[in-house]
Amino acid sequence: MTHLWVRAEQRPNEERVGLTPEGAAALIVAGIRVTIEESSVRAIPLQGYKDGGCEIVAENAWPEAPLDAIIFGLKELPEDGTPLPHRHIMFGHAYKGQHSGRALLERFKAGGGTLYDLEYLVGEDGRRVAAFGYWAGYAGAAVTLKTWVAQQRGQECPPVGVYPNKDVLNAELLAELDATGTRPRAIVIGALGRVGTGAADMCEAMGVSVTKWDMAETASGGPFPEILDHDLFLNCIFARPGTPVFVPRDALNAPRNLTAIGDVACDPDSDYNPVPVYDRATTWDAPALRVANDPVMDVMAIDNLPSMLPVESSEDYAAQLLPSLLTLTDLNSGVWGQAETTYKTHIEGI
């Protein structure tokens, strides 16, 4: 019997989960054994999984799981160097030359396990079968707006945290914006995608005027002076070869209205970074990096934004992923077979 083991997340500020109680119940009906670890932080309560018939085990017990179990989590494993003998479903961040990624692949090779990287689960159309993009855009726009609000007070953006739901976030941010007595003008690039849609939806919910650009508007390759005419810029396009530079470094000293950038894609280490005015991701404790002072320019580049809204982002992602999880009984074909092939390609030479 196929056995899916959902582990507790161990990264700070990570309360999401990739399987809801309803999804777990559907897997059980389909003949898949489901084990859920207890978690001190998971946004979705454990009782629902119990009621759905899941087996419950201790938090972080997955290293001792049966070797035929498929371990399912979202974010990084503890970087303790131990070999990994299990099959793991997770975001590995291991295929783009990252130093920590190579170390992870070395652990899989040493243990004989397999990585099914969630980022590389794609359908026949080449699109990912599940993504957190919408809520990354939504939360990213919220923190960028908070950055702009702080600027109006002559301050830098204060720490951010987890919200029980989007209504609480919206109410808080709306009050902060109302206190400024005005609204910024925003531009979203990548507006037709999941990330851009979430960013635009958040702005519009706050009464912020949004200019929506996508590939057609950026096909010229730049420069794009229109970006500097806006108060906020939200980059929702992931860096890849051929991506134009949207805000070059010399824009920091150019005449501009732009004072806050939300780089939701957050890829400062990439050679193709379209926002090369900053060099590192920001954090929940320090959400915005100041890169210019006269006038100010702050960049928001948090790399786990959907974690701010763990309930909505978990439910959305889990619903997208469930059809693929239901095919775990056949790992040799479909998205799982393709993901294993991708893993084997990248493990060569390790």
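Shown above is the structure to which this text applies.
Quick caveat, the model's predicted, so the values are computed rather than measured.

Now, about the overall build of the chain: what can you tell me, with residues and values included?
Regarding its fold elements, the chain presents ten helices and twelve strands. The C-alpha atoms of the chain give a radius of gyration of 21 Å, which matches the 20 Å a tight globule of 350 residues would have. In terms of principal-axis extent, the alpha carbons of the chain reach across some 65 × 45 × 35 Å. Counting across all 350 residues of the chain, residues that qualify as buried make up 52%. Here the contacts in the chain between residues at least 6 apart in sequence split such that 69% fall between residues at least 24 apart. Accessible area for the chain stands at about 15000 Å²; split by element, carbon and sulfur atoms hold 51% of it. For the chain, the distance from the average position of its 27 positive side-chain charges to the average position of its 47 negative side-chain charges is 1 Å.

Describe unusual backbone geometry, with residues and values.
Residue P223 is bonded to the preceding G222 through a cis peptide linkage, with omega at 0°. In this structure, P223 sits in the loop between α7 (215-218) and α8 (225-229). Following D294, the chain continues into P295 via a peptide bond in cis, with omega recorded as -5°. Positioned with a positive phi, N60 is a non-glycine residue whose angle comes to about 60°. Summarising the element assignment, N60 is placed in the loop between β3 (55-57) and β4 (70-72). The phi dihedral of C266 falls on the positive side, at around 50°, and the residue is not glycine. Take C266: it is sitting in the loop between β10 (260-263) and β11 (288-293). Classification of C266 as buried rests on a relative accessible area of 13%.

Summarise the packing of helix α4 (residues 133-152) against helix α6 (residues 194-205); cite the residues concerned and give the values.
Relative orientation of the contacting elements α4 and α6 amounts to 40°, with a least axis distance of 6 Å. Taken together, the axes of α4 and α6 lie oblique to each other. You can see that α4 and α6 cross each other, and the crossing is right-handed. Residues G133, Y134, G137, Y138, A141, A142 and L145 of α4 form the contact with α6, whose own contacting residues are R194, V195, T197, G198, A199, D201, M202 and C203.

Just give me the short version of the pattern of salt bridges, but keep the residues and values in it.
All chains considered together, the criterion is met by 15 salt bridges. Where R16 meets E14, a salt bridge forms, and the shortest distance between an N and an O atom there is 2.8 Å. As far as burial versus exposure is concerned, R16 and E14 are alike and both buried. Residue R33 pairs with E55 through a salt bridge whose shortest N-O separation is 2.8 Å. Linking R33 in strand β2 (residues 33-37) with E55 in strand β3, this pair joins segments that are 22 residues apart in sequence. Relative accessible area serves as the criterion here: at 34%, R33 is assigned to the partly exposed category. Each of R11, E76 and D303 takes part in one network of salt bridges that share partners.

Account for the pairing of strand β5 (residues 87-90), naming residues and giving values.
Pairing analysis gives three bridges linking β4 to β5, with the strands arranged parallel. Bridge pairing in β5 links I70 to R87.

Quick one: what's the story with the packing of aromatic side chains, residue by residue and with numbers?
The tally for this structure, following the rule as stated, stands at twelve aromatic pairs. Pairing F132 with Y317 gives two aromatic rings, centres 4.0 Å apart and planes at 5°, and the pair type is stacked. With F132 in the loop between β6 (114-117) and α4 and Y317 in helix α9 (residues 310-325), this residue pair connects regions lying 185 residues apart in the sequence. Comparing F132 with Y317 shows no difference in burial state: the two are buried.

So, the nonpolar core: which residues are in play, and what are the values?
L145, M202, L305 and M308 are the most contacted members of the largest nonpolar core, which totals 37 residues. For this core, the elements supplying multiple residues, two or more each, are α4, α5 (166-180), β7 (185-189), α6 and β9 (232-235). It is α4 that contributes the most residues to this core, ten residues altogether. For L145, the residues in contact, after removing those within four places along its chain, are L173, L177, P184, M202, M206, V208 and L232. Core analysis: the next-biggest nonpolar cluster, separate from the first, contains 31 residues, L4, V17, I89 and W336 among them.

Mind laying out the sheet that holds β11, listing which residues take part and the relevant values?
Strand order in the open sheet formed by six strands is β8-β7-β9-β10-β12-β11, and the pairing between neighbours is mixed. Pairing within the sheet leaves two strands with one partner each, and these edge strands are β8 (209-213) and β11. Mean inter-strand twist for the sheet, computed between neighbouring axes without regard to direction, equals 20°. The strands touched by α4 are β9, β10, β11 and β12 (296-300); relative to β12, the strand with the most contacts, the crossing angle is about 155°. Packing against the sheet, α6 makes contact with β7, β8 and β9, and its axis sits at approximately 165° to β8.

The rules behind these values
Residues numbered from 1 in each chain as written. Predicted model: local features only at pLDDT ≥ 70, side-chain atom pairs only at ≥ 80, totals over all residues. Heavy atoms only, no water. Helix = DSSP H or I, 4+ residues; strand = E, 2+ residues; numbered from the N terminus. Rg over C-alpha atoms; globule rule 2.2 N^0.38 Å. Buried < 20%, exposed > 50% of the residue type's maximum accessible area, 1.4 Å probe, protein only. Contact = heavy atoms within 4.5 Å. Areas by Shrake-Rupley, 256 points an atom, 1.4 Å probe, with all protein chains shown as cover. Lys, Arg positive; Asp, Glu negative; His and termini not counted. Charge placed at Lys NZ, Arg CZ, Asp CG, Glu CD. Axes fitted to C-alpha atoms, helices over the stretch in contact; angles between N-to-C directions. Parallel < 35°, antiparallel > 145°, perpendicular 65-115°, else oblique. Left-handed = near helix turned anticlockwise from the far one by under 90°. Salt bridge = Lys/Arg side-chain N within 4 Å of Asp/Glu carboxyl O. Pairing = 2+ DSSP bridges. Phe/Tyr/Trp six-rings, centres within 6.5 Å; stacked < 30°, edge-to-face > 60°. Core = buried A, V, L, I, M, F, W, Y, C linked by side-chain atoms within 4.5 Å.

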